[in-house]
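Summary of the model geometry
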Amino acid sequence: MATSTVMELKEEVPLWIGDQPVITSTTRTISIPYDGTPVATVCEADESALERAVAAAEEGAKAMAALTLYERAEILDRMRALLARDAEEFARLIASESGKPIREARTEVDRGQQTLLASADAARGLHGEVVPMDAGPAGKGRWGITVREPLGIVAAITPFNFPLNLGLHKIGPALAAGNSVIHKPSENTPLTALRFASLTHEAGLPRGAYNVVTGDGEKVGDWLVRNDRLAMITFTGSIPVGEQIRAHAGLRRVTLELGNNSSLIVEPDADLDFIVPRAVTGSFAHSGQVCVSVQNIYLHEVIAGEFIRRFVEGARALKIGHPLDDSTEVSSMIDVDQARRVEQWINEARGAGARVLAGGVRRGATIEPTVLDDVLPHLPISCQEAFGPVVSLHRYTHLEDAIERVNSGNYGLQVGLCTQNLQTAFRAARALHYGGVIVNDVPAYRADHMPYGGARHSGIGREGPRYAIEEMTELKLICWRA
Ligand code: NAD
């Protein structure tokens, strides 16, 4: 087991500002959440580093805006090639700082390359349109075209659970659009972004176009959000923080990718051979710390017994272990406090009559993959975002009831629906009030070029580079009288 080889990182990992490493006096130790082994000591941004980052990003924004779309796409392509070259190093870094099993970390690195590919494509495809001015009564003799212009500096604030790919979903389209970026990764997982910074240098990105500042959200993140020299804030994280960011951003542009308590609905004609193993992975990958992780499963009463038997068997068979061990399928949550919160929610459900069909036990930051039956729907473990390896099972007789229950909360990111009946699928897909309806798979499905984002309280705006680039550009109309 390759658990002893953590990362060979320098004593103090510096910030990255204006294409240079920057040392500060405040540091934080990053440890493997599974067993607390220290990984590295990281510098955190103080006020002077933040001012420096904004000044550098202003220069970077000018340089990016001056590049052609072709040049921006070429840089993004080079970043992708460099990420492929260093893939295993990135995977080990992600696994070490986030506690994500190395197999999943490798998938994240593969997906990061897809995000960069889609960002380069978005740069090449960025265009405006001709507006037929004379289609209105005041348009005679006039022509109109639209162009998409960069905004300036984009602040990218990201969570701990996908330290690489969720950053790239902001960095890729922002650079493709001709903006510069100040990236504030999670204080728990800053190492991947700091390592990626060296790739941006190698790829020939202009000075100041990508800057990384690390530290607490309430200090460093909030400072960025309140700074008017930053044109846009793109945030992925929890709903309470998203609400604060929106309140402090004023009239500046904001994209929010927030939480969910994802549901999977399984009709009687569903293909159980396919969906049960997918549901096991979709529920327990990264210990359920995925924004579209399966949290509630609504089972038609006809197949409920068979589904539950196979699902519980799958959950119990998952191998728990160190994140750097190749055979590990479930490792730990991000820290012991989060694991304690989930444990308490499980115990609360138990106290209210829920039956534990698998798991239910915590050891340090690890919670065993847990399956609960007979959960009261108003309990936090079902109706709030669990963000842990816990699934609540529910039964229904009529699909309309399941849809009503799934639509009843505040969340609206993605939902899964399994049926072989085309008409049922279309009818249900239209009735479900979500940003994405995934038919015949789990809500955790995501391809990196697809539009992705939440309805209701799950967010504002869409990611997927071709969609994010629109959020990160200003649409300008040029209209002239011929
Ligand atoms: P979090 O909201 O605690 O933190 C996210 C980021 O915001 C971190 O970098 C943090 O330092 C920063 N932050 C915290 N307070 C801030 C403030 N006042 N001002 C500015 N920045 C601040 O989230 P987390 O615990 O890192 O991640 C888990 C959450 O992220 C879950 O709710 C999950 O659903 C969500 N998430 C959503 C998506 C999506 O695409 N919709 C993807 C992944 C995770």
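None of the values given here were measured: they were computed from a predicted structure.

Taking strand neighbours across the sheet as the criterion, the 7 strands line up as 15-18-19-14-13-20-21 in an open arrangement whose pairing is mixed. Unpaired on one side and paired on the other, strand 15 (355–358) and strand 21 (436–439) mark the two borders of the sheet. Taking the axes of each pair of neighbouring strands and ignoring which way they run, one obtains an average angle of 25° across the sheet. Across 4 bridges, the pairing between strand 13 (residues 263–266) and strand 14 (residues 296–300) is parallel. Bridging from a neighbouring strand, Val 266 pairs with Leu 299 of strand 14.

Before going further, it helps to spend a moment on the site of the ligand. As a structural note, the neighbourhood of the ligand is formed by 29 residues, with Lys 184, Glu 187, Ser 238, Leu 258 and Glu 385 the closest of them. At a separation of 2.5 Å, an oxygen atom of the ligand approaches a polar side-chain atom of Glu 187. If you list the elements that add at least two residues to the shell around the ligand, you get helix 7 (217–225), strand 11 (232–236) and helix 8 (239–248). Residue contributions to the shell around the ligand peak at 4 residues, all from helix 7. Of the residues that constitute the shell around the ligand, the class distribution is 13 nonpolar, 10 polar and 6 charged. Per-domain counts for the shell around the ligand show at least three residues from each of domain 1 (15–259 + 459–481) and domain 2 (262–448).

Moving on: the packing of aromatic side chains. For the coordinates displayed, the defined rule picks out 4 aromatic pairs. Centroid distance Phe 196 to Tyr 210: 6.0 Å. Interplanar angle 80°. Geometry classified as edge-to-face. In this pair, Phe 196 sits in helix 6 (residues 191–202) while Tyr 210 sits in strand 10 (residues 210–212), placing the two residues 14 residues apart along the sequence. Under the relative-accessibility criterion, Phe 196 is labelled buried at 1%. On the basis of relative accessibility, which here comes to 2%, the residue Tyr 210 falls in the buried class. Relative to Phe 311, the ring of Phe 307 lies with its centre 5.6 Å away and its plane at 25°, an arrangement referred to as stacked. Note that Phe 307 and Phe 311 are positioned in helix 10 (residues 301–317) at a spacing of 4 residues, about one turn of the helix. Phe 311 carries the same exposure label as Phe 307, and that label is buried. Aromatic ring contacts, followed pair by pair, group Phe 284, Phe 307 and Phe 311 into a single cluster. One residue, Arg 341, lies across the ring of Trp 345, its end atom 4.7 Å from the ring centre. One cation-aromatic arrangement involves Arg 446 over Tyr 452; the distance from NZ or CZ to the ring centre is 3.7 Å.

Conventions and cut-offs
- Residues numbered from 1 in each chain as written.
- Predicted model: local features only at pLDDT ≥ 70, side-chain atom pairs only at ≥ 80, totals over all residues.
- Heavy atoms only, no water.
- Pairing = 2+ DSSP bridges.
- Helix = DSSP H or I, 4+ residues; strand = E, 2+ residues; numbered from the N terminus.
- Axes fitted to C-alpha atoms, helices over the stretch in contact; angles between N-to-C directions.
- Near = heavy atom within 4 Å.
- Polar contact = N/O pair within 3.5 Å; in protein donor to acceptor, adjacent residues only side chain to side chain.
- Nonpolar A, V, L, I, M, F, W, Y, C, P; charged D, E, K, R; others polar.
- Domains from an automatic or database assignment.
- Phe/Tyr/Trp six-rings, centres within 6.5 Å; stacked < 30°, edge-to-face > 60°.
- Buried < 20%, exposed > 50% of the residue type's maximum accessible area, 1.4 Å probe, protein only.
- Lys NZ or Arg CZ within 6 Å of the ring centre and 35° of its normal.

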